[in-house]
Structure formats: C-alpha cells, structure tokens
Amino acid sequence: MRYTLKDYQAEAVRDVLRNLERARDSYHRYGALSQFSLTATTGAGKTVMAAAVIEALFFGNDEFDVAPDPGAVVLWFSDDPALNEQSRARIQAAASELDSRLRVVPTTFSDPSFRPGNVYFLNTQKLSKNSRLVKGAPGSTLGTTLPGLEPRPDEVQSSIYDTITNTLANEDLTLYLVLDEAHRGMGTRASDRSTIVQRLINGNGTVPPMPTVFGISATVERFEMAMKDARGRDALPSVQVDSSLVQASGLLKDDITLSIPAEDGAFETVLLTKAVEKVKASSAAWHEYALEQGDTEIVHPLLVVQVGDKPSQETLARTLDTIYAAWPALGQDAVANVFGEYRGTTHPDITIGQQVVPYIKPQRVQDASHVRVLLAKSAISTGWDCPRAEVLVSFRPAKDRTHITQLLGRMIRTPLARRIPGNELLNSVDCLLPLFDRKTATGVAELLMKGATSKDADQGEDAGGGLGRRVLFDPIPLHPNPEIEPTVWERLASVPSVTIPKKNVKPIRRLTALAAAMSKDQLVENAVDKASQHLHAALDGRAVQYKEKVAKAREDVITMEGEEVRGRIGGGLSYTSFSVSADPRAIEDYYRSASRVLSPALCSSYVDHLVGPEGDEDDLVEAHITVASLGRVPEIGQAVEEEADALARQWLSQTRVARKGIADERQAEYDALEAMSTTPEPINLTAPKTAQSDTKVRHPDGTEEELPTRTMHLMAAADGTVPINLNEWERKVLDSEAGQPGFKGWYRNPDRAAKESLAVAYKDEVGAWKALRPDFIFFGTAHDGQVVVDLVDPHGHHLSDALPKLRGLADFAERFARDFRRIESVAETGGSLRVLDITKPHVRQSIREARSAKALYESDLAGDY
C-alpha cells in the first residue's frame, strides 16, 4: 500500500479479510454462498480499505496474517461508469501492487474467463438489455427472456455471462463480487437496476450465482435492501466502521459553520460576499501556515456556489458580479462550472455576460488549483470529493436540504489528510444558506451533528463524520487571551496526556517504523542500526534462554513426520511412522510463518546478522532454519515484542522536546507511532492557536438564546470573554474555581481526539480502551509563587461509564500526581455537589474496589464541593 492505513481502516480490513477467508472456505468445501458488507460514513476511505483488502487477497499480508489466494478474481460492480473509473483510479493510487491489474470491462470484452489476480470493473449500463456485452446471453429464469438476451443456436461464447460461467466452473479460481452500494442513483432506473443486479448475484439460467458478495455501503440497511432478493446465502457479520473513529482520525474536518439570515429579506448577495471574504481569509491562513511549516505546496481553498436546477442568465451574472466585486484579484480562468447538462456527447462551457466559464470534470477540480470558484447545481457528482473545497454558498431553498447535505458531505475531507494542530479555523468548512431560516437550518445542523441514520443515507443525506464534530452558527473567532500570563501557557505545554492503546498493535513493526522516522529526522543517530542490533541481541539471548524449545522447533522445521497405513484383505490395518527431511519449499513456508510473528524486516536483518559478510549459501539456509525455529516458540515472539515496545517508549520519551521543533507533517507521523501503544503512554498537549465558538444556543423550534460569557479563558474573543455552553453544576464548578485565591486562568478541555485535548485512558465494561477527556483544567498559584494545575471533571454518577472513568482517573492520578495540585471528580447527589480528591491514595484504592460510583460520592470519602 502507498498509504498508511488509519487504525480503524486496518481493523476493518482485517475483519473483511477474515470474512472473505471464511466465505472462500465455505464455498470450496460445501458450495455455500455468502454475503456481507463493509459500511462506513462518507469520508472514511472505503475505497482505500477495499484496495488494501484486494492487495492482501492477491499477494498476502503479514500484518493481517493472510496468505495469498492464487485463484482470486474480483469483479467490481457499480451503478455508473464514471464512478467505476474514479474507484479504479483511487485503488491504483492507494495500492502499488495493483497498478497493472485493474481492468475496465469494455463492451467488446470477449475473454473466455476472468484471469486470476485481476480486478474487473463492470457497471449496470453494460449489462442492460441493449448492451453488446449481454447479446446472446443464456435465457432468463426470472420470467420471460428480455429482448437481446436470446441464446444463439451455435452456443459459442457470446456474452459476459459466459465469461462468468467459465470462471466459476474453474475450481482453481474464486470469484468475489464487490457490490459498490455506497454511491447510488446514477444512470439506471431502479426497476432495471434491480433485475440486473439480482441476475448477476443469483445467477440466471445456466449462469451460476456469485459465490461471495462483498458490499461497500453507507449503511448496513442499504446493502440489505440491495440484497433483499438474494436467495440461499449465508449472511456473514457486517464490518461496520464507527463514525466517531473516522472523525477522530483527522481525515474529516471537525467544524461545520453555518451562516443564515437573521431576518426576512433578500440576502443572497450579502452572504455571497461574506462567502468570498471567508475563502480569501482561508487562503491567507493556509498561505501563512505553509510559510510557517516551510511547505512549498500551498492549499488553495475553493469556493463552491450551488445554484438552482435552471438558473437564469440574470442570476448567474449577478453571482459573478458579486464575486468579482469582493475579489477583484480573481482571474478570469479561476471560475469553472460542473453543471451536468450535455450538448451532444460533451458538457458545454457556459457564457455569463461577457465571460466564458469553462466546464471542468468533477474529478479534476481538486488538482486544478487555479480554479478558485466552482459553480454547481445539485451534488456535483456521485462519489466526488474535494478536500480543498472549504466554503459553500447555496442558493437552494430549504426543501432541497438533501442537495446541500450531499454536497457538504463531499467537502469534509481535510486538505492534508490530517488535522492541523491548534487551529480550529483550518479544520473547518463554511456553509452559507441565504434561503434558510433558523428552524430549517437547525434541521440541517442536527443531521450534520449526528451523522447519517439509515433513512438519511438512503435519501442521500450522508454528510459524513460522527461524534466529535461541531456545527456552529456564525461563530466568533477566539485567539490566545492577552490577560493570561506566559507562565500559564508554559505550564499548559507541560501538562501530561496519554495515548489510548489500540488493538492488534505490532510492537516490532512500530519500532522499525519509528527507527526509520528518527533516522530521517536525525533525532536518534543511526536509529535503524541501533534498533536492529537491539532486537538481534534480544533474539540471541532468548534463543539461549529457550534452547530446548528452539531445538524441538528446529526438528519440526527440518523434518516432516507422518504415518504409513497398510491394509490386507481380511487382515486389518497396520500403521508405521516415518519422517523425511523437509525440502527448501517447506523451510521457506516456516520462515514466512516466522515473519508474521517477528515481522519481515526483523527476520531479514536477523538472517544477515547470522550469516555475516563471509557467509555462503549453506549459511543462508541454516539462518532461515534458525529464524523459522525461533518463530515457532511463542515465548520468544512475546519477549522480543516487549523489548521492541520498551525501546520505542524510551526513544519517544527522550525525543519529546526535540520533536516539537519539526514540521506538523512529520509530527503527525510520530503521533501515529505514539498511538500504536499497548499501554497508555505519556504525551504532551499542544497549545491552541486559533479557535471559534458559538455565541447562541439554538433550540429545535428555531428559537435562540444568548450564551453567557466568562473571562480568563486561555482562548478569548476580542473583548476578553468566551461564550460558555455548560449545564448548571458545570457553571457552579467554573465559578467556584474562578473565585479561588491565586486563580490565573482556565481551559475548557475539548471533547474530541485532538492534540489540544487532555486524554485519560480507561477500560470500559468489556475491557476495551476508551478516552475520558476531563472538562476543566484550572491554573493557580502555589504558596511558592509557582503556577500549579488543577484537573476537575464534573461527571454524572448515574451514567454507566461513571465507575470505569473514575478508575481510569485513579490510574492517571497515580502516575502523574506530581504534575497536578488537584485531580478531582465532581458529581451532584442529593441536591448538592460532592467531590472526590483522587490525588489521595486511599480514595484511589476505594475507587478500584468500588461497585457503585454513586456510593463513592455519598460516602465519607467525598466532601462537599
């Protein structure tokens, strides 16, 4: 893969491969048919995940512990040829091994069988009744034969269905159907589409059914709808990607800001002018960021102007005039259109007044950085996305909210595929809605906040994202508060946070990647060699420690044990044991198994270590046998992983200060490596630089209420205040802390996975690691004049996660007690606020032994707040 998969992507790929292996085994053993889906929200990278699956299917993958399937053939099916081409291009960009194996099926296709190790792209239109691909196909058993599908009398191969039949008849091949249901509604009537898809899935006449159907979909329900008429199939577990993990990954923008008129009237030109000002401000911010980071490649934000289906020349002319009045420096070639109309077989350029606005293919917009304004109508294109599109102004009325959420869903990817640390403005997208009122805009906001439900997605209203996203109405910018002393900011930078451990972490691979990164950034001299030497020494030592088990494993590697069975008529059976020497192929198979335990890189370097510069061919074979033997001793693999984990933690700790001086792009790589932890590991917070906040709270009926404000927050508006959206007892905690002697400031800890957010790791009821993000960080003065930090978390004791979170906070306090003056958890019980001081050892011990969070707050361990 050319891309490094995000954690949630790798987990989904692993689950999909597990399903495919199960489906393949069931089909070849019992002839069983299977189906399942990969479901994820817009922006999750479903095509990238599919590319990783296909690459592992064809070539195997040590990380996922998957052997190659030499007979694998993938048939990728979707509704639209343009979407297929886009999917093919994305897979090619993601998977280096698949470059020459991605084949679009032309209408002239006549191969007798699909070839193994290839992906064939097919769309609904090519299977319609008038297509050359299906002329002469076997007759339908679903009713009368459709015109154009009558079998030819000579029965020679004549259609794509013959190719499918021949492929399925070959027992050495396994055909997987990928049904791309994530993007619907292009080019085919629903009734025709259903007939075509069902014929493909269920078989037709002499054409057998597809053994395995792997659906890619926005929701499980959408895939099940597509498969509702599929017959006699085993439904394997759906692979569902948690939308909150997608949001936390940094692939999607965190904030969506909505601007609407505050009163009745015609405000189209006013809000369009505001949209131009926003994209100009975004351009300046990205330029400044590029200079700060030393980047030569600058993000050029795009303004998308969405008009009605039949805009008048007057409307279009007024739109362009307004844009150029607000942006005089905009070039004539900087405006393009993606209107869907055809003139003959091509999309025409359009003339608006004296200006020709050229048509541009949607998939070219992202790379055509000279285009700064894009005129669009509905959702532009199924599957289209443009990470540099940061401002949308829509002249669609409220009844067309589907078109708006659809288009916004295509604009939410972060331009650099990562979150910009400390800068909420560069992690946001703006949407201006001149024809909406408060109530209708609130409906859009609710949809954007919660992500798509099954009904929403089926209606095309999947705007991507999930927990952690904010939708803001005309927010105000927040900047570092000048009232906050520099010593407070310095103290914030030293406040500890922790990583949240991941599943299926490979410590040896982590250390290998970390060594390469630190060598590149010159953070650890000769890091690659040092890591190799450290792990080689660990293998040498464990080989001696477990020499008896290694010797037994060696015998298993170099010999094959078996039994010979003889029988005589009337004389019964006799059994004779035998052993033969393993051939080189068997030894290499054991070696590959060891590489899945110890990693291919370590196995290769350890072979070089054993052979030495003067070694010959016999030494090389002996080294492979040794590595294969070591890999068969579980204690050795576990011990080497522990050594790798310890060295990685040591290096990350030693270089924590030095890494703050490198570019964000490089820091993002270390963030990912830090996140590959088996236990919570310490990291530091990043100070926020630019933020934004709502000034009003909006209720479901569209009414508004001004938010109260407070002073001395680290990030503040121009008047030194910050709006707060807190419940009653959270406000009581804030006001109480602000009134304490020596109070120097406070920080509302962001409730999302960002480097500016302090995280506490805890295990939930089923033992999975989760993140608690305490509400408040307060700063005060100690008796010696030093700035001290208080961590205070108001949390309801009635919530199911209350006790697990308290235990996580207790472990955090045990580890970092010296970094805080107080670590307290506050809850309301019996009408009053009660507080647990978790810096006290006996309180932490009681929390670990407790059965009820409520009982803790009601006990003598807690005091009145």
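What comes next is a walk through the structure.

Procedures and definitions
- Residues numbered from 1 in each chain as written.
- Predicted model: local features only at pLDDT ≥ 70, side-chain atom pairs only at ≥ 80, totals over all residues.
- Heavy atoms only, no water.
- Helix = DSSP H or I, 4+ residues; strand = E, 2+ residues; numbered from the N terminus.
- Buried < 20%, exposed > 50% of the residue type's maximum accessible area, 1.4 Å probe, protein only.
- Contact = heavy atoms within 4.5 Å.
- Areas by Shrake-Rupley, 256 points an atom, 1.4 Å probe, with all protein chains shown as cover.
- Phe/Tyr/Trp six-rings, centres within 6.5 Å; stacked < 30°, edge-to-face > 60°.
- Lys NZ or Arg CZ within 6 Å of the ring centre and 35° of its normal.
- Salt bridge = Lys/Arg side-chain N within 4 Å of Asp/Glu carboxyl O.
- Axes fitted to C-alpha atoms, helices over the stretch in contact; angles between N-to-C directions.
- Parallel < 35°, antiparallel > 145°, perpendicular 65-115°, else oblique.
- Left-handed = near helix turned anticlockwise from the far one by under 90°.
- Nonpolar A, V, L, I, M, F, W, Y, C, P; charged D, E, K, R; others polar.
- Pairing = 2+ DSSP bridges.
- Expected span 1.5 Å × (residues − 1).
- Arc of directions from axis to C-beta.
- Polar contact = N/O pair within 3.5 Å; in protein donor to acceptor, adjacent residues only side chain to side chain.
- Core = buried A, V, L, I, M, F, W, Y, C linked by side-chain atoms within 4.5 Å.

## Quick word on the overall build of the protein
Along its length, the protein carries 25 helices and 36 strands. Within the protein, the proportion of its 865 residues that are buried is 52%. Excluding contacts between residues fewer than 6 apart, the proportion of contacts in the protein whose partners are at least 24 apart in sequence is 73%. Of the roughly 39,000 Å² of accessible surface on the protein, 49% is carried by carbon and sulfur atoms.

## Overview of the packing of aromatic side chains
Any two aromatic rings considered together are summarised by their centre-to-centre distance and by the angle between their planes. Per the counting criterion, the structure on display carries eleven aromatic pairs. For the ring pair Phe114 and Tyr120, a centre distance of 4.4 Å and an interplane angle of 35 degrees mean the geometry is tilted. By relative accessible area, Tyr120 is classed as buried at 1%. Where Phe812 meets Phe820, the ring centres are 5.8 Å apart and the plane angle is 55 degrees; that geometry is what we call tilted. Given a relative accessible area of 4%, Phe812 falls into the buried group. On the basis of relative accessibility, which here comes to 6%, the residue Phe820 falls in the buried class. Feature note: the residues Phe109, Phe114 and Tyr120 constitute an aromatic cluster, connected by ring pairs. Positioned over the ring face of Phe339 is Lys377, at 4.7 Å from the centre of the ring. It is Arg748 that lies over the ring of Phe776; its NZ or CZ is 5.4 Å from the centre.

## Regarding the pattern of salt bridges
What the rule picks out here adds up to 49 salt bridges. Measuring nitrogen to oxygen at the nearest pair gives 2.7 Å for the salt bridge that ties Arg821 to Asp790. Residue Arg821 is found in the loop between α23 (802-816) and β34 (822-829), and its partner Asp790 is found in strand β33 (residues 787-794); the two are separated by 31 residues along the sequence. The salt bridge involving Lys805 is made with Asp801; its shortest N-O contact spans 2.9 Å. The two residues Lys805 and Asp801 agree in class, both being buried. Counted as one network, the salt bridges with shared partners bring together Glu737, Asp790, Arg821, Arg822 and Glu824.

## Some thoughts on the packing of helix α8 (residues 268-293) against helix α9 (residues 313-326)
Viewed as axis vectors pointing N to C, α8 and α9 meet at an angle of 45 degrees, and their least axial separation amounts to 9 Å. By the angle between their directions, the pair α8 and α9 is classed as oblique. Considering how the two elements wind past one another, α8 and α9 form a crossing that is right-handed. Where α8 approaches α9, its residues Thr269, Leu272, Thr273, Val276, Glu277 and Lys280 are matched on the opposing element by Arg318, Thr319, Thr322, Ile323 and Ala326. Here the residues of the contact of α8 with α9 are counted per class, giving four nonpolar, four polar and three charged.

## Details of the sheet that holds strand β29 (residues 745-748)
Strand order in the open sheet formed by six strands is β29-β32-β33-β34-β35-β36, and the pairing between neighbours is mixed. If you trace the sheet from one side to the other, it starts and ends with β29 and β36 (863-864), each paired once. Of the pairings in the sheet, the one linking β33 to β34 comprises five bridges and is parallel in character. Each bridged residue has a counterpart across the sheet, and for Leu791 the counterpart in β34 is Ile823. Of the strands in this sheet, β33, β34 and β35 (832-837) touch α23, which is tilted by about 160 degrees from β34.

## Examining helix α4 (residues 160-169)
For α4, a buried count of seven out of ten residues is recorded, marking the element as mostly surrounded by other parts of the structure. Within α4, burial applies to Ile160, Tyr161, Asp162, Thr163, Ile164, Thr167 and Leu168.

## What to know about the pairing of strand β2 (residues 72-78)
Of all the seven residues making up β2, seven are buried; the element is thus mostly covered by neighbouring parts of the structure. In this structure, β2 lies alongside strand β5 (residues 174-180), joined through six bridges in parallel fashion. Looking at β5, one finds that Ala72 is bridged to Thr174. In this sheet, strand β4 (residues 119-123) lies alongside β2 in parallel orientation, the contact comprising five bridges. By the bridge assignment for β4, Trp76 is matched with Phe121.

## Regarding the sheet that holds strand β27 (residues 715-716)
Reading across the sheet, the three strands line up as β23-β18-β27 and stay open at both edges, with antiparallel pairing between neighbours. Two strands in the sheet have a free side with no partner beyond their single neighbour: β23 (691-693) and β27. Sheet topology places strand β18 (residues 476-480) next to β23; three bridges connect them, and they run antiparallel. Along β23, the bridge assignment pairs Pro477 with Gln692.

## Quick notes on helix α16 (residues 547-558)
Given a rise of 1.5 Å per residue, twelve residues ought to cover 16 Å, and the 16 Å separating the end C-alpha atoms of α16 matches this to within 8%. Along α16, the positions that sit buried rather than exposed are Val550, Ala553 and Val557. One side of α16 holds all its buried residues, which, seen down the axis, span an arc of 65 degrees. Opposite the packed face of α16, turned more than 90 degrees from it, sit the exposed residues Glu548 and Lys552.

## Considering the environment of Arg815
Residue position: Arg815 is located in helix α23. The spacing of Arg815 and Pro682 is 133 residues in sequence and 9.7 Å in space, taken between C-alpha atoms. Filtering out sequence-adjacent residues up to four positions away, Arg815 remains in contact with Pro680, Glu681 and Pro682.

## What about the side chain of Thr163?
Tracing the backbone through its elements, the reader meets Thr163 in helix α4. In terms of polar contacts, Thr163 uses its side chain to reach the backbone carbonyl oxygen of Asp111, at 2.8 Å.

## Quick look at the environment of Ala67
Inspection of the secondary structure puts Ala67 in the loop between α2 (46-59) and β2. Each C-alpha atom, one on Ala67 and one on Ser593, is 9.7 Å from the other, the two residues being 526 residues apart in sequence. Discounting residues that sit within four places of it in the chain, Ala67 has contacts with Ala56 and Gly60.

## Things to note about the nonpolar core
Grouped together as the largest cluster of nonpolar side chains are 71 residues, with contacts concentrated most on Met49, Trp76 and Phe214. Looking at this core element by element, the count peaks at ten residues for α2. Dropping the residues within four chain positions of it, Met49 is found in contact with Tyr8, Gln9, Ala12, Val13, Leu38, Ala40, Ala44 and Val241. With 58 residues, the next largest nonpolar core counts Leu478, Leu734, Ala761 and Tyr762 among its residues.

## Re the environment of Glu665
Looking at where Glu665 falls in the secondary structure, it is placed in helix α21 (residues 664-675). For Glu665 and Ala417, which are 248 residues apart along the polypeptide, the C-alpha to C-alpha distance reads 10.0 Å. Contacts of Glu665, omitting those with residues within four sequence positions, involve Gln293 and Arg418.

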